[in-house]
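Survey of secondary and tertiary structure
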Amino acid sequence: MRPESLMMSYGYKPELSEGALKCPIFQTSTFVFKSAEEGKGFFELAYGLREKEATEEMGLIYSRLNNPDLEILENRLSLWDEADDCAVFESGMSAISTVMLEFLEPGDYILYSNPLYGGTYHFVKNVLTKYGIKSLGFHAFESPENIEKYIEEQGIGEKLKMIYVETPANPTNALVDLEGCRRVADKYSTPDKKVYLAVDNTYMGPLWQHPLKHGADLIVYSATKYIGGHSDVIAGAVLGNMEVIKRVKTLRTFLGNMAGPWTGWLLMRSLETLKVRMDQQAKNAEQIAHYLNNHPKVNKVHYLGFLSEKEDPRNYEVFKRQLSSAGAMISFDLVGGEKESFRFLNALKLAKLAVSLGSTESLVEHPSSMTHSDVSPEDKALYGITDSLVRFSVGVEHYEDLIADIEQALALV
Ligand SMILES: *Cc1c(COP(=O)(O)O)cnc(C)c1O
């Protein structure tokens, strides 16, 4: 069955919860063992003291290690990306930082695509450096051949341990070729040093892009965005094969940054409507992109649906291979600068002026002075983060109402 058919029931047995149709919130810190022998057995498995027997299931011990709301959520989240397993966190940043701390060691290099989410960038530049982990960025629009050339020029091949990618890039929608990155990662892997490919799939997942199928080892999510989808919860997730998720979950146990049962329950509720929400958001985005594209006060619309085979064959090819939708994130350059952008943002009524994205309500913001305000002027120019750029996260409202809102706001610019 398809994931959307399974989101209401998968992994939950009503008979274990007094017949409750819905998975209850297991608001408990600890779990009662049936016997001392059972408790001993659970701990042997939890600490890896012995292998699991064929029919044995890992039992519940303590909510920092496992909890039904997290386990069922993790099983359901795994379905969309066809991952072996998943680990959920109390924020996207805790998912990202745990992956980096687990797979990187002092002396290693992490190579990342630029522009990166601000929190991730700060963690790489100000926290990982304290542990002797070095980093270099490549431009999201570079081809795999150029990324390889860059690694050679910088002489970091031997120390390269992780390629970390955000695609499409925020806020410009530049695409990174994941299969190309896999080839680069393999080239610098040796029998005793694997180069991991980790992908932040927050912008397109888990519906429209499945990085594991394109060679990624790890997917990270801010579940605060499309997965949560209602702007009412902060959460994160990591997905991959059994081996990598086991490592991530072990570090999570000791950092103690797992999601709580209430977050798990909220996200399970969100997953039931994930597909209908995202489908509608993408449809609305297409309508809005076309409207903006024909507006005299708009210079350029950055929308993946406008990629053209003739003008941009490389990105078009990556788009066709890697994505099943143009998504619901649009950015566009107004005619003018910051003054005109602010005038527009201040005049919107239905779309709310706020950062974050992927939610049921449409959200607009000004990357240059908000989400990307600490990007250097040179890099802003390089990535096209201009003073006239506005980012629009399209929600589930009626698209004609959104367009009417945009129309009245543009009229005031
Ligand atoms: C929001 C976001 C994050 C951080 O997630 P939090 O849930 O806020 O910790 C990471 N990456 C991307 C692309 C994001 O949009």
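Cut-off values and rules
- Residues numbered from 1 in each chain as written.
- Predicted model: local features only at pLDDT ≥ 70, side-chain atom pairs only at ≥ 80, totals over all residues.
- Heavy atoms only, no water.
- Phe/Tyr/Trp six-rings, centres within 6.5 Å; stacked < 30°, edge-to-face > 60°.
- Buried < 20%, exposed > 50% of the residue type's maximum accessible area, 1.4 Å probe, protein only.
- Helix = DSSP H or I, 4+ residues; strand = E, 2+ residues; numbered from the N terminus.
- Lys NZ or Arg CZ within 6 Å of the ring centre and 35° of its normal.
- 1 Å grid on protein atoms, 1.4 Å probe; cavity = no way out; pocket = protein on both sides within 12 Å on 5 of 7 lines; lining within 4 Å.
- Points joined across faces, edges and corners; volume = space filled by probe spheres on them.
- Nonpolar A, V, L, I, M, F, W, Y, C, P; charged D, E, K, R; others polar.
- Domains from an automatic or database assignment.
- Contact = heavy atoms within 4.5 Å.
- Buried area = accessible area lost by both parts, 1.4 Å probe.
- Salt bridge = Lys/Arg side-chain N within 4 Å of Asp/Glu carboxyl O.
- Pairing = 2+ DSSP bridges.
- Axes fitted to C-alpha atoms, helices over the stretch in contact; angles between N-to-C directions.

Some thoughts on the packing of aromatic side chains
Applying the stated rule across the entire model yields 9 aromatic pairs. Pairing Tyr112 with Tyr121 gives two aromatic rings, centres 6.2 Å apart and planes at 80°, and the pair type is edge-to-face. Under the relative-accessibility criterion, Tyr121 is labelled partly exposed at 31%. Measuring from centroid to centroid gives 5.9 Å for Phe332 and Phe344, while their planes differ by 80°, and the two rings are edge-to-face. Linking Phe332 in strand E9 (residues 329–334) with Phe344 in helix H12 (residues 338–347), this pair joins segments that are 12 residues apart in sequence. Like Phe332, the residue Phe344 is buried in the burial classification. The structure contains a cluster of three or more aromatic residues connected by ring pairs, namely Phe33, Phe42, Phe43 and Tyr47. The lysine or arginine in question, Lys194, covers the ring of Tyr196, its NZ or CZ lying 5.7 Å from the ring centre. Over the aromatic face of Phe89 sits the side chain of Arg252, whose NZ or CZ is 5.8 Å from the ring centroid.

Looking at the layout of surface pockets
Counted as a void, the largest pocket has a volume near 2000 Å³. If you trace the largest pocket, you find 44 residues lining it, with Lys52, Met58, Gly59, Asn66 and Glu71 closest to the centre. Top contributing element to the lining of the largest pocket by residue count: helix H8 (residues 242–255), with 8 residues. Residues that form the lining of the largest pocket fall into these classes: 20 nonpolar, 10 polar and 14 charged.

A closer look at the domain arrangement of the protein
Along its sequence, the protein is carved into domain 1 (3–28 + 63–271) and domain 2 (274–410). One C-alpha centre belongs to domain 1, the other to domain 2, and the line joining them spans 25 Å. Listed per partner, the contact involves 38 residues of domain 1 and 40 residues of domain 2. Together domain 1 and domain 2 conceal approximately 3500 Å² of surface at their shared face, both sides included; 59% is due to carbon and sulfur atoms. Of all residues in domain 1, Leu175, Trp208 and Tyr226 bury the most surface against domain 2, accounting for 24% of the area lost on that side. Linking domain 1 with domain 2 are 2 salt bridges, by the criterion used here.

With respect to the pattern of salt bridges
Tallying each qualifying case throughout the model produces 19 salt bridges. The closest approach of N and O atoms between Glu74 and Lys249, which form a salt bridge, is 3.3 Å. With Glu74 in helix H3 (residues 68–81) and Lys249 in helix H8, this residue pair connects regions lying 175 residues apart in the sequence. Among the residues examined, Lys249 registers a relative accessible area of 22% and is labelled partly exposed. The shortest N-O distance in the salt bridge between Arg182 and Asp186 comes to 3.1 Å. A residue pair is termed a helical-turn pair when its members lie 3 or 4 positions apart in one helix, as Arg182 and Asp186 do in helix H7 (residues 178–187) at 4 residues. Residue Arg182 is classed as buried on the basis of its relative accessible area of 11%. Each of Glu74, Asp85, Lys249 and Arg252 takes part in a single network of salt bridges with overlapping partners.

Overview of the sheet that holds strand E10 (residues 352–353)
Ordered in space as E8-E9-E12-E11-E10, the 5 strands form an open sheet in which the pairing is mixed. Both outer strands of the open sheet, strand E8 (298–302) and E10, are each paired with one neighbouring strand and no more. Taken together, the 5 bridges between E9 and strand E12 (residues 389–393) define a ladder with antiparallel strand orientation. Within E12, the position partnered with Asp333 by the bridge is Leu389.

Section: the sheet that holds strand E7 (residues 236–240)
Spatial ordering of the open sheet is given by E1-E7-E6-E5-E4-E2-E3, a layout of 7 strands whose pairing is mixed. The open sheet has two edge strands with one neighbour each: strand E1 (85–89) and strand E3 (134–139). Direction aside, neighbouring strands of the sheet carry axes that sit 20° apart on average. As defined by bridge partners, strand E4 (residues 160–166) adjoins strand E5 (residues 196–200) across 5 bridges and the pair is classed as parallel. Of the residues in E5, the one forming a bridge with Glu166 is Asp200.

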